[in-house]
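An overview of the molecular structure
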Amino acid sequence: MKKLMKFVLFIAAGAGIFKVLQEKKLLPPPDEGIWKPFTGDADSTE
Amino acid sequence: MRLGLITSSPLHLRMRRVLAAHPSVISVVQTVDPAGFDLVISDQLVDEVASVEIPDRPLRWLATTLSSLVASPEVFAYTPSGPPLRTGIPAHFPSPLHSLWAEENAGMLAAPTNGVLAGVSVQGLTTVGVVEDRNFLTAISAVGPALAYLGNSDPIAAMRQAGLAVAEKIGRQQEG
């Protein structure tokens, strides 16, 4: 019974790690620069 | 001014609210008959009276219009309603949308999102963007040409006066 519990926990942890890794991979690259209210005199971002 | 609104848009109430807040507006009535109004805001131009057309796709119209604030605009992005993409071209918007995957759509980047927020951004040598409640952003963009007409100003200035908050992306501070 204890072995079965350990096995289930191992599978669940593995699935969780896989999901986190997959979501990370699915996210687009983060934005560079900081957004501020428009004043009309922003620096170039490129 | 007494305004008549002729539209099949489900956002007509939001559009009326935005228009009614303009200082030169006495009343806004949703109607099917353009007669008797000082200005008619309509899905299609009306011949008999002064009229302003509602953009067919308000968020795309806003992206084009926002480009007036950008030096050498190149990348236009907006967020149609829909399930987010899992890959594609990265599109960047102000917080809290940040970065989303987008696909090319008629010369613009379309980055679908399911939430209540919608965004538009234009990138060139400088970058500007907006993120607002989707209904508000769509409604204020839909009446953007009318606000410009009422204020005798450019559409972005008129929409900012009506409550549209525009953000600009600030690059790194130059050293020295």
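Conventions we followed
Note on numbering: residues in each chain are counted from 1, in written sequence order. Chain labels run from A onward and ligand labels from 1 onward, assigned in the order the entries are written. Local features in this predicted model are restricted to residues of pLDDT 70 or higher, and side-chain atom pairs are both shown and tallied only at a pLDDT of 80 or more, whereas totals for entire chains, interfaces and linings draw on every residue. At least two bridges found by DSSP between two strands are what make those strands a pair. Only DSSP runs of H or I with at least four residues qualify as helices, and only runs of E with at least two residues qualify as strands; both kinds are numbered from the N terminus onward. Between N-to-C directions, angles span 0 to 180 degrees; the directions come from axes that are lines fitted to C-alpha atoms, helices contributing only their stretch in contact. For every residue pair, C-beta atoms are placed from the backbone, and the pair is scored as a contact if these atoms sit within 7 Å. Per-residue confidence from the prediction method is given by pLDDT, with values spanning 0 to 100. Buried, partly exposed and exposed are defined by the number of other C-beta atoms within 10 Å of a residue's own C-beta, namely 20 or more, between the two limits, and 12 or fewer respectively, with C-beta atoms placed from the backbone. Taken from the helix axis, the directions to the C-beta atoms give the arc we talk about. For classification, angles of less than 35 degrees are called roughly parallel, those exceeding 145 degrees roughly antiparallel, those between 65 and 115 degrees roughly perpendicular, and all remaining angles oblique. Crossing handedness is defined as follows: a turn of the near helix away from the far one that is anticlockwise and smaller than a right angle gives a left-handed crossing, while the clockwise case is right-handed. When residues are grouped by polarity, Ala, Val, Leu, Ile, Met, Phe, Trp, Tyr, Cys and Pro land in nonpolar, Asp, Glu, Lys and Arg in charged, and all others, Gly among them, in polar.

This paragraph deals with the sheet that holds strand S3 (residues 39–42) of chain B. Residue and element names in this part refer to chain B. Strand order in the open sheet formed by four strands is S2-S1-S3-S4, with parallel pairing between adjacent strands. Unpaired on one side and paired on the other, strand S2 (27–30) and strand S4 (51–53) mark the two borders of the sheet. Direction aside, the axes of adjacent strands within the sheet are offset by 20° on average. When S3 meets S4, the two strands line up parallel, connected through three bridges. From the neighbouring strand, Ile-41 faces S4, where its bridge partner is Val-52. Across the sheet, helix H1 (residues 12–20) touches strand S1 (2–6) and S2, and the angle it forms with S2 is around 160°. Its contacts with the sheet place helix H4 (residues 144–151) against S3 and S4, and it is angled at close to 145° to S4.

What follows covers the confidence of the model for chain A. Within chain A, residue pLDDT values average 73, and 65% of them lie at 70 or more. Across residues 42–46 of chain A, confidence stays below pLDDT 50; counting only partners more than four residues off in sequence or on other chains, it has 15 contacts.

A word on the interface of chain A and chain B. Contacts between chain A and chain B engage 17 residues on the former and 22 residues on the latter. In terms of residue count, the dominant contributor to the side of chain A that touches chain B is strand S1 (residues 34–37) of chain A (four residues). As paired strands, S1(A) and strand S11 (residues 167–170) of chain B are joined by four bridges and run antiparallel to one another. Bridge assignment links A:Lys36 to a residue of S11(B), and that residue is B:Glu168.

Once that is clear, we can look at helix H3 (residues 134–142) of chain B. Listed in full, the buried residues belonging to H3(B) are B:Leu137, B:Thr138, B:Ala139, B:Ile140, B:Ser141 and B:Ala142. Taken together, the buried residues of H3(B) touch H1, helix H2 (58–66), strand S9 (117–123), strand S10 (127–133), H4 and helix H5 (155–161) of chain B.

This part covers unusual backbone geometry. Among all residues except glycine, the phi angle is most often negative; among peptide bonds, the trans geometry is most common. Residues and elements named next belong to chain B. The amide bond that connects Ser-95 to the next residue, Pro-96, takes the cis arrangement and shows omega of 5°. Residue Ser-72 is not a glycine yet carries a positive backbone phi of 50°. Considering the arrangement of structural elements, one finds Ser-72 in the loop between H2 and strand S5 (75–78). On the basis of neighbour count, Ser-72 is assigned to the exposed category, with 11 C-beta atoms found within 10 Å. The residue Asn-152 is not glycine, and still its phi comes out positive at about 50°. Locating Asn-152 in the fold gives a position in the loop between H4 and H5.

For an α-helix, 3.6 residues make a turn, and residues three or four places apart therefore share a direction. Residues and elements named next belong to chain B. Of all the residues in H4, the buried ones are Gly-144, Ala-146, Leu-147 and Leu-150. Down the axis of H4, the smallest arc covering the buried residues is 160°, so these residues share one side. Considering only its buried residues, H4 is in contact with H1, S3, S4, H2, H3 and H5. Looking at the residues trailing H4, positive phi occurs at Asn-152, about 50°.

The next thing to look at is the environment of B:Val166. For B:Val166, the position within the fold is in the loop between H5 and S11. For B:Val166, a count of 18 C-beta atoms within 10 Å puts it in the partly exposed group. Considered as a pair, B:Val166 and B:Glu132 are 34 residues apart in the sequence and their alpha carbons are 9.7 Å apart. Those residues in contact with B:Val166 that lie beyond four places of it in its chain are A:Phe38, B:Leu69, B:Val128, B:Val130 and B:Arg160.

Residues and elements named next belong to chain B. Axis separation between H2 and H3 bottoms out at 8 Å; the angle between their running directions is 70°. Judged by the inter-axis angle, H2 sits roughly perpendicular to H3. H2 and H3 meet at a crossing whose hand is left-handed. Facing H2, whose interface residues are Pro-58, Leu-59, Trp-61 and Leu-62, H3 presents Leu-137, Thr-138, Ser-141 and Ala-142. Class assignment of the residues belonging to the contact of H2 with H3 gives a composition of six nonpolar, two polar and no charged.

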